[in-house]
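Here's the letter readout for the chains.
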Amino acid sequence: MLLCSSSPIFLARASSHPRKDSRSHVLVKLQSALVANASIRFSVKHPFCCPHLKAEHDFAISSVLGENQAMTTTEEDVQYRGILDLDPSLEKFKDHLIYRSKKYVEQKSLIEKFEGSLEEFAQGYLKFGFNREQDAIVYREWAPAAQEAQLIGDFNGWDGSNHKMEKNEFGVWSIEIPDAGGFQHGSDMPPLILLDLQLLMMEFTGIHHLQKGISSSILDLQNLQLQGSTKLIRSGTPEDLKYLIDKAHGLGLRVLMDVVHSHTSNNVTDGLNGFDVGQGTQDSYFHNGERGYHKLWDSRLFNYANWEVLRFLLSNLRWWLDEFNFDGFRFDGVTSMLYHHHGINMVFTGNYTEYFSEATDVDAVVYMMLANHLVHNLLPDATVIAEDVSGMPALCRPDYEGGVGFDYRLAMAIPDRWIDFLKNKMDSEWSMKEIVWSLTNRRYSEKCVAYAESHDQAIVGDKTISFLLMDKVMYSGMSDLEPASPVIERGIALHKMIHFLTMALGGEGYLNFMGNEFGHPEWIDFPREGNGWSYDKCRRQWNLVDTDHLRYKHMNAFDRAMNLLDDRFHFLASEKQIVSSISEEDKVIVFERGDLVFVFNFHPENTYSGYKVGCDLPGKYRVALDSDAFEFGGHGRVGHDIDHFTSPEGIPGVPETNFNSRPNSFKLLSPARTCVVYCKVDETPQQPDEETTGTETTVTQVLQDSQVDKTAESPSEETTSTKETTLRQVLQDSPDLASDEVLVSSGIRDEKEIDVEDSTASD
C-alpha cells in the first residue's frame, strides 16, 4: 500500500465497490466546516431519534439493558479471545478487554433493536437537515434543551414569527414549509435557537443553498469559513469533489477522507458549540466542564456515550461513502479520543497499564469499534487509518477479535526521530540502532503506515527534510549545470536514503506529503492571520521538478524508482523482515524484506569494498536499485552488471554458526551515503520460444548491420537489397519489436497514421 499527497489521501489500489452516478438525490447539511492543513474537514449534524436514549457520561443505559437481558453472549465471548491469543501479555488486562467488548456488543445490539441495523442508524442525513418530503421541505434539528426555535431567512424577510418549529418528546425540532411558501434554491436560512436558562439566541451564518429536486441541502464548498474567521476560501463545489474522486478511481487510486471526529470547532458562530448552554451532558453533543474541552486545541470534545452523537458521527461516515464514494478514512486525533488525558503531557513507554486503565475512554473506544464495523460492512475493501501516537495494543485488530478495528495506524514516531537527528546531531553521531528501533518498533500483526516527514514539515510551517539538509543553498545550488557543493551532495544523498529506509523498513504502507518526493524546499502555508492572509506560500512549485537542469528531478526519479521496486517485488506486503546487521562503527544497516537484500551506508566518508552481508537464499544476486546511479544524481560507483554469488555460512539450520544469523552471504561495494538493493537472479538458463528468439535476434542483427558507417565502403546493391528485404519481413511479422521511427523509415507504417493514433490516444 502506497500513500501520497496531503489530504485527501490517495492509495495505489483501485476500489472495487461500484461507482454511483455523481448526481445523487440525497445531499446533507454540513453544519460545521473547517479548512485546515490542506484537508477539507466536515462534521455532519443529522441525528435521527427513534427512540431517543439518554445516556449518562459513563454509558449508563441500564434502564434499556434491563429489557434486553436475553441477549446472547456468544459474540461477546469471541470478542476478546482473539487478541489474547495473539498477545498473551494482554491476559493481565482481560477484565478490561471483556468490559470493553461487552459495552460494544451491548451498544450494537441496542442500535439493532431500536433502529433496525447499524447501517440504518447511520442514515440520519435522510431525516435531519433539510429534506424534500412530498410537496414540502422539512427541516429537523436535535436541540433538546432549547425553549424555542425559529427558521428565518430571506424567504420570510428574516422574521421567524410565522415559522416557529415544533419539538417532539425526543428533543427534535421540525418545521414543514410547503413549496408555495417561497422557499427556493439560494435561500439564506440561518436557524435561530433559543436555549434554556441563558436564553441565548444562536445564529448559524453558514450559507445553505437549497436545490430543486433533491431531498436535502449542502453547505456550499465555495463558502467554507475558516475557524473563527470571516475570511472565505474557495474549495470548489461538491460536484467538483465527486469529479476528482471519479478521476482518481479511473487512475486506479483510492481516496481517503481525513475525518475529524476527535473534536470540533470552539466557534459558536458556525459550529455545534453553544448547543450545550444550560443543558446536561445527556442532552448535548459534548461533555460538560473540562471533559468537554481540549485545552491545547481550544476545541470541544464529543460525548461518545450519547445516542444522538453516535448517530451524528456514524451518519457522517456513511454520507461520505455513499455520496462521494470515498474509499475509507484517516481518523484524526485518535490518541486524544482513546484517553481521558488526551495524551497531553504523556510519554508512552509501552507499559500496558498506560493503555488499559481508568484513563482509557471506553465510550470513545466503543464508538471507534462501531465506526470501523460500519465502514467495513458498507465497503468491505475500505481502508481506515488511525492517527495514534500511543501505540495502543489491538487498535488495528478486527472488532470480532476484541480489537478496535482499524486497518493501519500511522507510525508517528518515525518523522520525529528523523527531525531530531537532523536538528540536533552531527552525521557521525547518528545511531543506527536508534534508527532501526524507531522504524521497527511496531506491534506484530498490526499494520503501520510509515512516513519520513509529517504535515508539521510539509504544511504547518517547520522546515522540510530537504530544507533542513540544504537550507538556503537550495536557492542557488540546485543547478545541474555546475558541480554540486558539499551541502547539496550530502543533502540529496541523505534525502534519498531517509525516505527509502522509512519506506522499506518502517511499515506495511508508505505515506508521502505532496512535494516531499522531489525535495520541495518550502512548506505549504495557508492564508492566516500570522502571515497577513498571504497566498505567497500556499502552493507547490511543480515547475522545480519539471525543469530539466535542476537537481530536483533526481530526487523525484529516485522516489518513482523505489515505488516501482515495490510494484515489482511487493516487499511492503511481505511479512519477512529481518535486520541482520546494525554496525555503529561502519554506520551500515543490512536487512531483508521479502527476498530483497537492502544495504544502507550512512557513513559520511567511508566506502567499503568487499563488504560482506548475510542473506537467506543461496544463489546469484544483482543490483535492483541503487541510489548512487547517475539518473538519481549519484556517481555511478556500483556496477549493475556484476554477479554476486553467495557462499554458505556455518551449519544449515543453526543460526549461531551462520554469518549474522544468516545461512548465506555475498560481498559487495558500499559507497558512503548510499543505499543499494540486491535481488536474487535466476541462474537456470531460460528456454525461450525458438521462433521468438530467432525473430528477436534477426531484428537486432539486421538493425545493427543496417547502421553502416558512412566512411566505410558502400555495400553492393544485392547485399543492401537482401538486408532491407529481411528487415521489412521481420518488422511486418513482429511490428511491436521496433519503434515507430524504425517502422516509418522501413516503410511498414505511414507517419500520418501514427499521428492520428497519437491524437486519438491524447483525446
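Since we're looking at a predicted model, the values are computed, not measured.

### Focus on the side chain of serine 117
Link 1 in the chain: Secondary-structure assignment places serine 117 in the loop between α3 (94-115) and α4 (118-121).
Link 2 in the chain: Aside from chain neighbours lying at most four places away, what touches serine 117 is Ile111 and Glu112.

### Some remarks on the environment of arginine 539
Link 1 in the chain: Within the secondary structure, arginine 539 is located in the loop between β23 (509-511) and α14 (543-546).
Link 2 in the chain: Residue class for arginine 539 comes out partly exposed when judged on its relative accessible area of 28%.
Link 3 in the chain: As for arginine 539 and glutamate 522, which are separated by 17 residues in sequence, their C-alpha atoms are 9.4 Å apart.
Link 4 in the chain: Reaching out from arginine 539, the side chain makes a polar contact with the backbone oxygen of aspartate 536 at a distance of 2.7 Å.

### A short note on the sheet that holds strand β5 (residues 129-133)
Link 1 in the chain: If you walk across this open sheet you meet the four strands as β5-β6-β9-β8, and the pairing is antiparallel. The strands lining the two open edges of the sheet, one partner per strand, are β5 and β8 (166-167).
Link 2 in the chain: With two bridges joining them, β8 and strand β9 (residues 172-178) adopt antiparallel strand pairing. The residue bridging lysine 167 from the neighbouring strand is tryptophan 173, located in β9.

### Overview of the UniProt feature "active site" (unreviewed entry) in the protein
Link 1 in the chain: Taken from the UniProt record, the annotation "active site" (unreviewed entry) applies to Asp332 and Glu387. In three dimensions, the annotated residues from a span of 56 residues occupy one location, with a maximal C-alpha spread of 5.5 Å.
Link 2 in the chain: Take aspartate 332: its relative accessible area is 10%, and that puts it in the buried class.
Link 3 in the chain: For glutamate 387, the location among the structural elements is in the loop between β20 (383-386) and β21 (408-410).

### As for helix α9 (residues 413-424)
Link 1 in the chain: Between its first and last C-alpha, α9 extends 16 Å over twelve residues, near the 16 Å set by a 1.5 Å rise per residue.
Link 2 in the chain: When α9 is considered as a whole, its buried residues turn out to be Ile414, Pro415, Trp418, Ile419, Phe421 and Leu422. What you see down the axis of α9 is that its buried residues fit within an arc of 160°, all on one side.

### As for the sheet that holds strand β27 (residues 608-615)
Within a sheet, each strand pairs with its neighbour through backbone hydrogen bonds, oriented either parallel or antiparallel.
Link 1 in the chain: Read across the open sheet, the three strands follow the order β27-β31-β30; overall the sheet is antiparallel. Sheet topology places β27 and β30 (647-648) at the edges, where each strand pairs with a single neighbour.

### Comments concerning the pairing of β20
Link 1 in the chain: Alternating positions in β20 separate into two faces, Thr383 and Ile385 on one and Val384 and Ala386 on the other, with burial throughout.
Link 2 in the chain: By the bridge criterion, two bridges tie β20 to β21 in an arrangement that is parallel. Across the sheet, residue alanine 386 finds its bridge partner in β21, namely arginine 409.

### Digging into unusual backbone geometry
Link 1 in the chain: Phi at alanine 394 takes a positive value of approximately 75°, unusual for a residue other than glycine.
Link 2 in the chain: Assignment of secondary structure puts alanine 394 in the loop between β20 and β21.
Link 3 in the chain: The buried category is assigned to alanine 394, whose relative accessible area is 2%.
Link 4 in the chain: Of note in the backbone geometry, tryptophan 533 takes a positive phi value of approximately 55° without being a glycine.
Link 5 in the chain: On the secondary structure map, tryptophan 533 appears in the loop between β23 and α14.
Link 6 in the chain: On the accessibility criterion, tryptophan 533 (29% relative accessible area) is partly exposed.

### Observations regarding the environment of aspartate 548
Link 1 in the chain: By the secondary structure assignment, aspartate 548 is in the loop between α14 and α15 (552-569).
Link 2 in the chain: For aspartate 548, a relative accessible area of 59% gives the class exposed.
Link 3 in the chain: On a C-alpha basis, the gap between aspartate 548 and serine 479 in space is 9.2 Å, while along the polypeptide they are 69 residues apart.

### Examining the packing of helix α5 (residues 238-250) against helix α6 (residues 307-324)
Link 1 in the chain: At a minimum axis distance of 10 Å, the contact between α5 and α6 shows a crossing angle of 70°. By the angle class used here, α5 and α6 are roughly perpendicular. Taken together, the residues of α6 that come into contact with α5 (itself represented by Pro238, Leu241, Lys242 and Ile245) are Trp320, Glu323 and Phe324.
Link 2 in the chain: By residue class, the composition of the contact of α5 with α6 is five nonpolar, no polar and two charged.

### Quick look at the confidence of the model for the protein
Link 1 in the chain: Here the protein averages 77 in pLDDT, and 70% of its residues register 70 or above.
Link 2 in the chain: Contacts for the low-pLDDT stretch residues 1-79, under 50 throughout, to residues beyond four places or in other chains number 279 contacts.
Link 3 in the chain: Low pLDDT, under 50, characterises residues 191-233; the stretch is placed with 160 contacts to residues that sit more than four places away or in other chains.

### Let's talk about the pattern of salt bridges
Link 1 in the chain: By the definition in use, this model includes 40 salt bridges.
Link 2 in the chain: In this structure, glutamate 133 engages arginine 140 in a salt bridge whose closest nitrogen and oxygen atoms are separated by 2.9 Å.
Link 3 in the chain: Judged by its relative accessible area of 26%, glutamate 133 is partly exposed.
Link 4 in the chain: When its relative accessible area of 15% is taken as the criterion, arginine 140 is described as buried.
Link 5 in the chain: Of the charged contacts, one joins aspartate 643 and lysine 620 as a salt bridge, the two residues approaching to 4.0 Å between their closest N and O atoms. Of this pair, aspartate 643 sits in the loop between β28 (620-626) and β29 (644-645) while lysine 620 sits in strand β28; the two residues are 23 residues apart in sequence, bridging distant segments of the chain.
Link 6 in the chain: The partly exposed category is assigned to aspartate 643, whose relative accessible area is 28%.
Link 7 in the chain: Linked by salt bridges that have partners in common, Asp87, Asp388, Arg409, Arg443 and Glu446 make up one network.

Rules used in this analysis
Residues numbered from 1 in each chain as written. Predicted model: local features only at pLDDT ≥ 70, side-chain atom pairs only at ≥ 80, totals over all residues. Heavy atoms only, no water. Helix = DSSP H or I, 4+ residues; strand = E, 2+ residues; numbered from the N terminus. Contact = heavy atoms within 4.5 Å. Buried < 20%, exposed > 50% of the residue type's maximum accessible area, 1.4 Å probe, protein only. Polar contact = N/O pair within 3.5 Å; in protein donor to acceptor, adjacent residues only side chain to side chain. Pairing = 2+ DSSP bridges. UniProt positions renumbered as here; feature names shortened; annotations may be inferred. Expected span 1.5 Å × (residues − 1). Arc of directions from axis to C-beta. Axes fitted to C-alpha atoms, helices over the stretch in contact; angles between N-to-C directions. Parallel < 35°, antiparallel > 145°, perpendicular 65-115°, else oblique. Nonpolar A, V, L, I, M, F, W, Y, C, P; charged D, E, K, R; others polar. pLDDT = per-residue confidence, 0-100. Salt bridge = Lys/Arg side-chain N within 4 Å of Asp/Glu carboxyl O.

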